[in-house]
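Below are the chains, spelled out letter by letter.
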Amino acid sequence: MSIIFHESTKVFHLYNKHVSYIMDVLPNGQISQIYYGRKLRDRSDFAHLQDSTCRPCSSWPLPELPNFSLEFTRQDYPGFGTTDFRQPAYEVLQANGSHITDFRYTGHRIYAGKPELPGLPHAYVEQDSEADTLEIDLKDQLTGVEMTLLYTIYNRLNAIARSVRFVNRGAETVKLDRAMSMSVDFPDHNFEWMQFSGAWARERAPKVRPLEMGVTAVESMRGCSSAHQNPFVILKRPETTEGSGEAYGFTFVYSGNFLAMAEVDTYDVTRFSMGINPREFSWKLSPGAEFQAPEVLLTYGNTGLNGLSQTLHTLLRTRVARGPWRDKARPVLLNNWEATGMEFTEEDVLKIARKGAEVGVELFVLDDGWFGKRTEFSGLGDWYADTAKLPGGVKGLADKINALGMKFGIWIEPEMVNEDSDLYRAHPEYALCTPDRRKSLGRNQLVLDFSNPEVVDCIYDQLVKSFDGADISYIKWDMNRSITECYSSHWPADQQGEVYHRYILGVYSLYEKLLAKYPDLLFESCASGGSRFDAGMLYYAPQAWCSDDTDAAERVRIQYGSSYGYPVCSWGAHVSVCPNQQLGRVTPLETRANVAYFGAFGYEMDLNALSDKEIEQVKGQVAFMKAHRELFQFGTFYRIRDPFANDKAAWMVVSQDQREAIVGLYQLMNNVNNGYTQLPLQGLDPKLDYQVDGNEVYGGDELMHYGLMPQDTSSHPMMGLFSPDRKPDITGDYDSHLYHLIAK
Ligand code: GLA
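Just so we're clear, the structure is a prediction, and the values are computed from it rather than from any experiment.

Caption draft 1: Region of interest: the packing of helix 3 (residues 346-359) against helix 11 (residues 612-634). Running from amino to carboxyl end, helix 3 crosses helix 11 at an angle of 60°, the nearest separation of the two axes being 9 Å. When the interaxial angle is binned, helix 3 and helix 11 end up oblique. Between helix 3, through Lys355, Glu358 and Val359, and helix 11, the contact on the second element is made entirely by Ile615, Val618, Lys619 and Val622. Among the residues making up the contact of helix 3 with helix 11, the classes are represented as 4 nonpolar, no polar and 3 charged.

Take a look at the structure:
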């Protein structure tokens, strides 16, 4: 059991080989935060680590303890208004208008395993022996509201899952105005805050800044986790690098509005909290009702950012993602979106698919345009096949694709509706909008009210009707606009604050229903590219379209940024045409593939437009990916050289047994007569010798401690580890090279 409770001191110590998380019960009955970090030996009392010396001008909640103020006490799930002036984790609005509560410890449970969070995505265990759970109960006597703090610590992963549950056991209705999923107080502010920000087509770029007194935050109010800020934050020590040092990760297993916030107070204490964005959130808790907040995964490591990312990759890939595709290498796919847009005939599609079959593609995906009277302005909401395009319906095309020896996949955008659709004409009340006010359009569409189960059922029924009988292996689930005018005609006035969250619960419920009906389906989530790329989605869809930006050079940055929090197999990555459709850049076909191999690989183009020579190249790429995809998708991934800071970028994957590795080197911009590029590799066995690209053999120690020295046009041919007569590995702009290392 990796959770100890010391009865005499009321100390809770959660630990595994690497990490300790320590709390106790404060004099006022609340839960303190004593320590979270590198493993400490257990002892019965850790109170000496909590410096709660009262300072001048303080207030105190207990008359008998004028030295005890919450303002100076580190807490684990703080409230507001009873001497703590910092950001609270929760607020309970009562009938008399007050937010003041007094939650006191009433008991706890410790047990092996991890509970399910009904209706919500969450990390799980396969055996109860993998993790232990602590549930701490607190109660506010006056309202009768109970709060349970949930902590699960994994034994083999440096990960703690946290969430909270509120139950109203009182006689009066209250409202939760804030219910963050977790909060933790660190005793210092010697941290750099690392967030992953961007916009459409430039998602998840790392941004780092030191924490200073005051509030540092990222959030989404778009109804989805968003491309703008990702619900994943790292707090790292300033000296932490990719290869060494402490870092804490916070991953929200949730896909809607969120807030992640660090508040450094004037005594340098850092309070980090994460949860559903309290803006526009309030949840009515009638007597007997319960609210379960979504989960946050806390990861910790002292081996640098690569180590932290690897913990997250394993955790999200094997204990958040589920289903038969979790551990399976992903099919090489071909998607028709960039080839045809919405305008196509079945024959156009089959022509592309035939070429796909010829090069070895395993899965053909029909994107947007196959349903209703679909145009840019119409059709969303009508999930029946447009027989002008698909005369035999979905099944007709699926059969033809299957006959070519490929699996069939299809695109849907189930959360949306166009005003010009049969669904909207029949049910305008199915769209989210404020009564008697203007409705804002995005991409010419409205958002369906997924907080209303009837709407979810209606979409489900339509999809099943269209899909039944067809052999569908994959669904790309898109979501192409942010929510505005978030008002549901299904809910009364005093529950409108629940609609954003209920919407996401509706999205999750449709995923569950479709997975229950088609358990072997591979889902790829998508939201205008990577606008809803989060751990919550990975619970249902083990891969996500990383970005609509398919330019290889841009993708190096986007995938590099994504790698901090998300595993390689979760990034949908496709080779597309040149000039690139998003920014007109021309990159070599080889580089486009060299980038996309690190991901759920595919093509997004009309392969018929390629020359015979290029087709031969593509055949080689598909065969190469099929031969190495386990290594790419499930190997240990290391960031080697940062594309945000260098003209050359590199990353690598190493097999579990360390006998094989592939290093990707990407030249974003060529330079003349530049300094040597040294790539100190990671994760190899220093005792083994590795043959590089079937040529020279080097020690794992040399490759890691001296580094791989790529031969480029500007380095002196006599320098480096390579023989002088070798051809350069990389030459011009956007050139790239994959180094294949095999232990001898
Ligand atoms: C979004 C997706 C694209 C494509 C289009 C279809 O932009 O990100 O991949 O599916 O929608 O409309």
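Caption draft 2: Expanded view of the site of the ligand. Of all residues adjacent to the ligand, which total 13 residues, the nearest are Asp367, Asp368, Lys476, Gly529 and Asp548. In this structure, Gly529 approaches the ligand through a main-chain N or O atom, which is 2.8 Å from an oxygen atom. Separating an oxygen atom of the ligand from a side-chain N or O atom of Asp548 is a distance of 2.5 Å. Coverage of the ligand by the protein amounts to 97% of the 310 Å² it exposes when considered alone. Grouping the amino acids of the shell around the ligand by side-chain chemistry returns 4 nonpolar, 3 polar and 6 charged.

Caption draft 3: Examining the domain arrangement of the chain more closely. The domain architecture assigned to the chain consists of domain 1 (77-319), domain 2 (333-414 + 456-480 + 520-631) and domain 3 (641-743). The distance between the C-alpha centroids of domain 1 and domain 3 comes to 40 Å.

Caption draft 4: Structural detail: the nonpolar core. One finds Phe166, Phe250, Phe272, Trp370 and Phe598 to be the most contacted residues of the largest nonpolar core, which totals 198 residues. The element contributing the most residues to this core is helix 7 (residues 499-517), with 10 residues. Residues Leu681, Tyr698, Ile730 and Ala743 belong to the second largest nonpolar core, which totals 22 residues.

Caption draft 5: Here's a closer look at the sheet that holds strand 21 (residues 333-335). Strand order in the closed barrel formed by 8 strands is 21-22-23-26-27-28-29-30, with parallel pairing between adjacent strands. Ignoring strand direction, the axes of neighbouring strands in this sheet form an average angle of 30°. Note that strand 23 (residues 407-412) and strand 26 (residues 474-477) share 4 bridges and pair parallel. The residue bridging Trp411 from the neighbouring strand is Lys476, located in strand 26.

Caption draft 6: Examining helix 6 (residues 453-467) more closely. Taking 1.5 Å per residue, 15 residues should reach 21 Å; helix 6 reaches 21 Å between its end C-alpha atoms and fits that length. Those residues of helix 6 lying buried are Val455, Val456, Cys458, Ile459, Tyr460, Gln462, Leu463, Val464, Ser466 and Phe467. Looking at the packing, one finds that the buried side of helix 6 touches helix 4 (393-403), strand 23, helix 5 (422-426), strand 26 and helix 7. The opening residue of helix 6 is Asn452, an N-cap whose side-chain oxygen sits 2.9 Å from the backbone nitrogen of Glu454. Looking one or two residues beyond helix 6, the residue adopting positive phi is Gly469, at roughly 90°.

Each value, and the rule that gives it
Residues numbered from 1 in each chain as written. Predicted model: local features only at pLDDT ≥ 70, side-chain atom pairs only at ≥ 80, totals over all residues. Heavy atoms only, no water. Axes fitted to C-alpha atoms, helices over the stretch in contact; angles between N-to-C directions. Helix = DSSP H or I, 4+ residues; strand = E, 2+ residues; numbered from the N terminus. Parallel < 35°, antiparallel > 145°, perpendicular 65-115°, else oblique. Contact = heavy atoms within 4.5 Å. Nonpolar A, V, L, I, M, F, W, Y, C, P; charged D, E, K, R; others polar. Near = heavy atom within 4 Å. Polar contact = N/O pair within 3.5 Å; in protein donor to acceptor, adjacent residues only side chain to side chain. Areas by Shrake-Rupley, 256 points an atom, 1.4 Å probe, with all protein chains shown as cover. Domains from an automatic or database assignment. Core = buried A, V, L, I, M, F, W, Y, C linked by side-chain atoms within 4.5 Å. Buried < 20%, exposed > 50% of the residue type's maximum accessible area, 1.4 Å probe, protein only. Pairing = 2+ DSSP bridges. Expected span 1.5 Å × (residues − 1).

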